[in-house]
Amino acid sequence: MRFKPRLMLPVLAGIHFVAIPMYPRLPLAVLFAVAFLTLWSWLLFHNRVQRPGKVMLPLLVLMVVGLLFHSYGTIFGRQAGSTMLLLLAFLKLFETKRESDIITVVFMGYFLIASNFFFSQSALIAIYVIAVVIYLTSLLIIISDKKNSTRLLERLQRSSHMVVLAIPIMLILFVLFPRISGPLWGLPKDDSSATTGLSDEMSPGSINRLITSGEVAFRVYFDGEPPPHSELYWRGLVLSNYDGKTWRRDDAPVYAKPMLVDPDENDSSIGYTVMLEPHNQRWLYALEHLVDIDGTVNVSREMQLYTKNNITDVVSYAVRSDAQLENQGLFEQEYSKNLLLPSGMNPQTVGLAQALYAEVGQDDDAYINRVLKYFRERDFIYTLSPQLLGDQAMDDFIFNTQQGFCGHFSSAFVYLLRAAGIPARVVIGYQGGSMHPFDDYMIVRQSDAHAWTEVWNDYRGWVRIDPTAAVEPRRVESGIENAVDQRELLPSILVSDNALFRRARFMLDSFHSNWNQWVVGFNKKKQKELFELLGFSNVSISDLVLMMVVAMTLAGAVAAWWVVRKDPRSRKDTVKHYYDKFCFKLNKAGVEHQSCEGASEFLQRISSRFPHKKNELALITGDYERLRYGDDHNEQRLKRFIRSVRQLKL
Amino acid sequence: MSAPDPKIRNAATALLDRAASSIGQIILGKDEQIRLALTCLVARGHLLIEDLPGVGKTTLAHAFAQVMGLEFQRIQFTSDLLPADVLGVAVFQREQGGFEFHPGPIFSNFILADEVNRATPKTQSALLEAMEEHQVTVEGETRDLPQPFFVIATQNPIHQVGTYPLPESQLDRFMMRLHLGFPDKAAERELLQGDDRREMIEHVEPVLDAGKLMTIQKQAASLHAADALLDYVQAVLEFTRQSPMFESGLSPRGGLAMLSAARALALIEGKDFVLPEHVKEVLPAVVNHRLVANSDELGSKNLTAAEYIAESVPIP
């Protein structure tokens, strides 16, 4: 059957609806191609240009493949693959001749819109996907609606109805589908996806950039009371290597266990669950000092937590930490590494270190206090926008600009300590976090990003020292928003005085958190917990599959019963049923019965079309009218009617 | 309701057929309107004919009355016509020492209310109330009108100074509204060649009389309407009430009129049950004057309300 041209613009719009979440990910060249193909197909539908011929179309396909190779270097993988499918969907419009071609395009749309979940599984995307699925389904309704009897709103209503009917099946699949640890399809890694978060190195200014972001880094559910703000040091990475400008991780991590010692043998550990937003890196954040963590997590000797793959979805992990513990692991190699300084740089700083160290009589603890006192007394300024530093960065900072952010203070502090022969290192992570005002979790934002230091003490192991606290104690006691003057640089959620705005933002955050916890975070463990709650323990994958099959069958049966019950045909009497059959036969023969058409009106049309069957048609129509609208209930007539409908051949 | 005797019904159909063709000999080329007017009469409704002067409104009414063998009264409505001129008046009789009622022209079987829109609303409503109730109350005394009782009112649609077009609420009391329109060429030629219509009317033999007509009316009213048919009627009513095209939907009275008219038409066609087609056929005459279109949307589609309904409501 030929397609209806009136369908083409809605289909074109549908492809764009599908593509909207993809736009930000597309390279400029592909965006141009999309715009060009859109314009071309629009002109085509308005008969301004010719349909591309048999030579042109394969050429276009080749050009698309070429473009993809140019942009991505491959046509496979989630990004290149979904982009190719998008462009092919556009090209399919050019060769659309039949309704089945349009159906193909719509089905491609279903796949493409679902492919967005490869990139993000946020609630916003889910809502958008559902909206687009409703729209695409409404396109299928237009295709089947041969009489063009429905309006857009009505179609959307119907397709929403269908989507709502599909919800039970969705829920069954969601709850029962066996979860496999790790991604089911090994998705190729994408470097292009931009996520905010700490990187694995620190140079002046690298943390400041995060401070302006109100984005959530992670959410924490504490089992009991959360520790005070000044104790919330979310350790991320330990940076030991310094090249005079940038701090980096120790590039040869030794997977040796850290050596944790409990000095007083009291259990003062706290338990909490972290829901970490994807940051496209491999490390996790936890409070000092890690006692226990679930899942397969590697713990380095520096107490850094690593996962196997980059974190591209929200992950949730339960942790126990005990701040009383002491990390006393120091290997010889580590000892020397944490004393290294770039040679021949920052002579003034080194001189200052030696002078101060001599001043306190070469006592390590006294020297640390002396350095902190130095920062305090010399009126160092804690600021979000420090001046840029020159080549001799430390000298410039300590003797010239004297203004800096946490990164400046911690790197200067470590520098001064190493110059005096005390092993020290920079730690980056987050400091602080605020309790949700009406939910029971803590939000740690990118703006809580922080850098501090750990200094080796021969008796107590690695001791955390935060030089920023010496300069600006309010930073660790009550958070960044109370510690700096440039409040306008901070994310609005922290500094807004508009109670309504804040409330709305926090409500949204609650929603996100629940979404992450119950939808995105519904993993193998949660699934197991759910079944244990229902009284099934040790549910195996085959049990899940069995349950899924049974539940789907039941849902299918209920749906079938519902549809049959709702279908007016099943309530109609036999007479109507056979008349419908009669109309169906005529429809197949090319004459369609209009729903508003009476039987004798229809008879007039069909008997002129099939003159040789005139009598049969008239007999059927007459019997139908008499049986359905008349007063007599003649069994003979009913039998004759049914027989003649059955025997009718056109 | 007892099942009517099929023999009499066939006789009724034959009589009505003869009546229609008799009238058709006088009013040329208007068979469809005659059929509908007859339907209206059989369905015990009243008829409003809206058309230009001189297209044969009065002649039609006259011919009907003659063929039906009914007592005919014509009331020419004018702006100074009073209700008493229509209904009648009680006059004091000195000899008898009391009032005596002098019935007005409304006390007959068949009334032609000519140019009803020229009378004042007061007089109009006196007529319309009498039509509806089949009785007249004068000086506190209620008097029944003769049976059968049939009113054909005519209205000139062109705006004229000093007229009072019937409001929609009053239009509802007419079962049907018809337009006659100009005759086609052949009919016009025949009309020009033929005899004077008024003379012809006088020579037409009555086909029915009041008693026969009432029997036929009863038969029509008892014609079988199946559930499937009532479903359709209700679907039409529901549609007019839901559709944004109309200011307000059909009244229950409109629904009853539709069903009665369909029954009468089925009887005229010789059917012993009502089909949705019968409803559709009477639809223009029954609903077009009852529904007020909400906007120009119908007009721009070049559809009347009835056509729109017939195209939109599926037959269940």
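Rules and cut-offs
- Residues numbered from 1 in each chain as written.
- Chains lettered and ligands numbered in written order.
- Predicted model: local features only at pLDDT ≥ 70, side-chain atom pairs only at ≥ 80, totals over all residues.
- Heavy atoms only, no water.
- Helix = DSSP H or I, 4+ residues; strand = E, 2+ residues; numbered from the N terminus.
- Buried < 20%, exposed > 50% of the residue type's maximum accessible area, 1.4 Å probe, protein only.
- Contact = heavy atoms within 4.5 Å.
- Pairing = 2+ DSSP bridges.
- Axes fitted to C-alpha atoms, helices over the stretch in contact; angles between N-to-C directions.
- Phe/Tyr/Trp six-rings, centres within 6.5 Å; stacked < 30°, edge-to-face > 60°.
- Patch = residues over 30% accessible without salt bridge, like charges linked within 9 Å, V, L, I, M, F, W, Y side chains within 5 Å.
- Areas by Shrake-Rupley, 256 points an atom, 1.4 Å probe, with all protein chains shown as cover.
- Salt bridge = Lys/Arg side-chain N within 4 Å of Asp/Glu carboxyl O.
- Lys, Arg positive; Asp, Glu negative; His and termini not counted.
- Charge placed at Lys NZ, Arg CZ, Asp CG, Glu CD.
- pLDDT = per-residue confidence, 0-100.
- Expected span 1.5 Å × (residues − 1).
- Buried area = accessible area lost by both parts, 1.4 Å probe.
- Nonpolar A, V, L, I, M, F, W, Y, C, P; charged D, E, K, R; others polar.
- Core = buried A, V, L, I, M, F, W, Y, C linked by side-chain atoms within 4.5 Å.
- Left-handed = near helix turned anticlockwise from the far one by under 90°.

## Side note on the overall build of chain A
Step number 1: Helix and strand counts for chain A stand at 24 helices and 20 strands.
Step number 2: Counting all 650 residues of chain A, 47% fall into the buried class.
Step number 3: Sequence separation of 24 or more characterises 72% of the internal contacts of chain A that already satisfy a separation of 6 or more.

## A look at the pairing of strand β5 (residues 110-114) of chain B
Consecutive residues of a regular strand have side chains that alternate between opposite faces of the sheet.
Residues and elements named next belong to chain B.
Step number 1: Counting buried positions along β5 gives 5 out of 5 residues, so the element sits mostly inside the fold.
Step number 2: Two elements, strand β2 (residues 72-76) and β5, share 5 bridges in a ladder whose sense is parallel. Bridged to Arg74 within β5 is Leu112.
Step number 3: Summarising the sheet, β5 and strand β8 (residues 150-155) pair through 4 bridges and their orientation is parallel. Among the inter-strand pairings, Leu112 is bridged to a residue of β8, identified as Ile152.

## Here we look at the sheet that holds strand β1 (residues 47-50) of chain B
All names here are of chain B.
Step number 1: The sheet built from 5 strands is open, its strands ordered β2-β5-β8-β1-β9 with parallel pairing. Unpaired on one side and paired on the other, β2 and β9 (176-178) mark the two borders of the sheet. Within this sheet the neighbouring strands show an average axis-to-axis angle of 20°, counted without direction.
Step number 2: Along the sheet, helix α2 (residues 31-42) contacts β1, β8 and β9; its crossing angle with β9, the most-contacted strand, is approximately 160°.

## With respect to the packing of aromatic side chains
Residues and elements named next belong to chain A.
Step number 1: The tally for this structure, following the rule as stated, stands at 38 aromatic pairs over all chains.
Step number 2: Taking 6.1 Å as the distance between ring centres and 40° as the angle between the ring planes, the aromatic pair formed by Phe107 and Tyr110 counts as tilted. With Phe107 and Tyr110 both in helix α5 (residues 99-115), this residue pair falls 3 residues apart, about one helical turn.
Step number 3: Overall, Tyr110 belongs to the partly exposed group, its relative accessible area being 23%.

## Focus on a nonpolar patch on the surface
Residues and elements named next belong to chain A.
Step number 1: Together, Val55, Met56, Leu59 and Leu62 make up a nonpolar patch on the protein surface, roughly 390 Å² of accessible area in all.
Step number 2: With respect to the element layout, Leu62 can be found in helix α3 (residues 56-72).
Step number 3: Here Leu62 falls in the exposed class, since its relative accessible area comes to 58%.

## Brief notes about a positive patch on the surface
Step number 1: Together, Arg51, Lys54, Lys97 and Arg98 of chain A make up a positively charged patch on the protein surface.
Step number 2: Looking at the element boundaries, Arg51 of chain A is found in the loop between α2 (28-45) and α3.

## As for the confidence of the model for chain B
Residues and elements named next belong to chain B.
Step number 1: Overall, the predicted model of chain B reaches an average pLDDT of 84, with 96% of residues at or above 70.
Step number 2: Across chain B, the element-wise mean pLDDT spans from 71 in helix α13 (residues 297-300) up to 92 in helix α11 (residues 252-268).
Step number 3: Between residues 1-5, whose pLDDT stays under 50, and residues either more than four places distant or in other chains, the model counts 4 contacts.
Step number 4: Interface confidence in the predicted complex, given as ipTM, is 0.83; pTM for the same model is 0.51.

## What to know about α5 of chain A
It helps to recall that an α-helix has 3.6 residues per turn; residues three or four apart then point in one direction.
Residue and element names in this part refer to chain A.
Step number 1: The end-to-end C-alpha distance of α5 is 24 Å, a good match for the 24 Å that 17 residues give at a rise of 1.5 Å each.
Step number 2: When we look at burial in α5, the residues that qualify are Glu99, Asp101, Ile102, Val105, Val106, Met108, Gly109, Leu112, Ile113 and Ser115.
Step number 3: Packing partners of the buried residues in α5 comprise α1 (8-19), α4 (77-94) and α6 (123-144).

## A few points about the interface of chain A and chain B
Step number 1: Across the contact, 14 residues belong to chain A and 19 residues belong to chain B.
Step number 2: At the boundary of chain A with chain B, total buried surface from both sides reaches about 1,400 Å², with 54% on carbon and sulfur atoms.
Step number 3: With its nearest N and O atoms 2.9 Å apart, the salt bridge here joins Lys280 of chain B to Glu601 of chain A.
Step number 4: Counting residues per element, the ones that place at least two in the side of chain A that touches chain B are α22 (599-609) and α23 (614-629) of chain A.
Step number 5: Of the residues in the side of chain A that touches chain B, the class split is 3 nonpolar, 4 polar and 7 charged.

## Overview of a negative patch on the surface
Step number 1: A contiguous patch of negative charge, built from Asp363, Asp364, Asp365 and Asp458 of chain A, is present on the exposed surface.
Step number 2: Among the structural elements, Asp365 of chain A can be located in helix α11 (residues 364-377).

## Overview of the nonpolar core
Step number 1: Phe582 and Phe641 of chain A together with Phe64, Met176 and Met258 of chain B are the most contacted members of the largest nonpolar core, which totals 105 residues.
Step number 2: In terms of residue count, α11 of chain B provides more of this core than any other element does, 10 residues in total.
Step number 3: Those residues in contact with Met176 of chain B that sit more than four places away from it in its chain are Leu36, Thr39, Cys40, His46, Leu47, Leu48, Ala261, Val282, Ala285, Val286 and His289 of chain B.
Step number 4: Grouped together as the second largest cluster of nonpolar side chains are 92 residues, Trp234, Val297, Cys406 and Ala470 of chain A included.

## Considering the pairing of strand β18 (residues 442-445) of chain A
Residues and elements named next belong to chain A.
Step number 1: On β18, burial covers both faces: Met442 and Val444 on one face and Ile443 and Arg445 on the other are all buried.
Step number 2: Where strand β2 (residues 216-222) and β18 come together, 4 bridges link them in antiparallel fashion. When the bridges of β18 are listed, Val220 appears paired with Met442.
Step number 3: Where strand β17 (residues 434-435) and β18 come together, 2 bridges link them in antiparallel fashion. Pairing of Met435 across the sheet is with Met442, part of β18.
Step number 4: Two successive antiparallel strands, β17 and β18, enclose a turn made up of 6 residues.

## Quick notes on unusual backbone geometry
Step number 1: A cis geometry characterises the amide bond from Glu288 of chain A onward to His289 of chain A, with omega recorded as -25°.
Step number 2: Counting through the fold element by element, His289 of chain A comes out in the loop between β8 (286-287) and β9 (290-293).
Step number 3: The amide bond that connects Gln147 of chain B to the next residue, Pro148 of chain B, takes the cis arrangement and shows omega of -15°.
Step number 4: Structurally, Pro148 of chain B is set in the loop between β7 (141-144) and β8.
Step number 5: Although it is not a glycine, Asp379 of chain A sits at a positive phi angle of roughly 55°.
Step number 6: For Asp379 of chain A, a relative accessible area of 59% corresponds to the exposed category.
Step number 7: A positive phi angle, close to 60°, is found at His134 of chain B, a residue other than glycine.
Step number 8: Note on placement: His134 of chain B falls in the loop between α5 (121-133) and β6 (135-138).

## A few points about the environment of Ile169 of chain A
All names here are of chain A.
Step number 1: Its place among the elements puts Ile169 in helix α7 (residues 152-176).
Step number 2: When its relative accessible area of 33% is taken as the criterion, Ile169 is described as partly exposed.
Step number 3: Taking the C-alpha atoms as reference points, Ile169 and Ala559, separated by 390 residues in sequence, lie 10.0 Å from one another.
Step number 4: Beyond its immediate sequence surroundings of up to four residues, Ile169 is in contact with Met552 and Ala555.

## Re the confidence of the model for chain A
Step number 1: Of the residues in chain A, 94% reach a pLDDT of 70 or more, and the chain-wide mean stands at 84.
Step number 2: Counted against residues more than four places away or in other chains, residues 183-194 of chain A, with its pLDDT under 50, gives 9 contacts.

## Side note on the environment of Asn523 of chain A
All names here are of chain A.
Step number 1: Structurally, Asn523 is set in the loop between α17 (499-520) and α18 (524-533).
Step number 2: Judged by relative accessible area, which is 33%, Asn523 ranks as partly exposed.
Step number 3: Between the alpha carbons of Asn523 and Ser316 there is a distance of 9.3 Å; along the sequence they are 207 residues apart.

## Some thoughts on the packing of helix α12 (residues 276-287) of chain B against helix α14 (residues 305-312) of chain B
All names here are of chain B.
Step number 1: Packing of α12 against α14 leaves a shortest axis separation of 8 Å and a crossing angle of 145°. Relative to α14, the crossing made by α12 is right-handed. Where α12 approaches α14, its residues Lys280, Leu283, Pro284 and Val287 are matched on the opposing element by Ala306, Ile309 and Ala310.
Step number 2: Looking at the contact of α12 with α14 residue by residue, the classes come out as 6 nonpolar, no polar and 1 charged.

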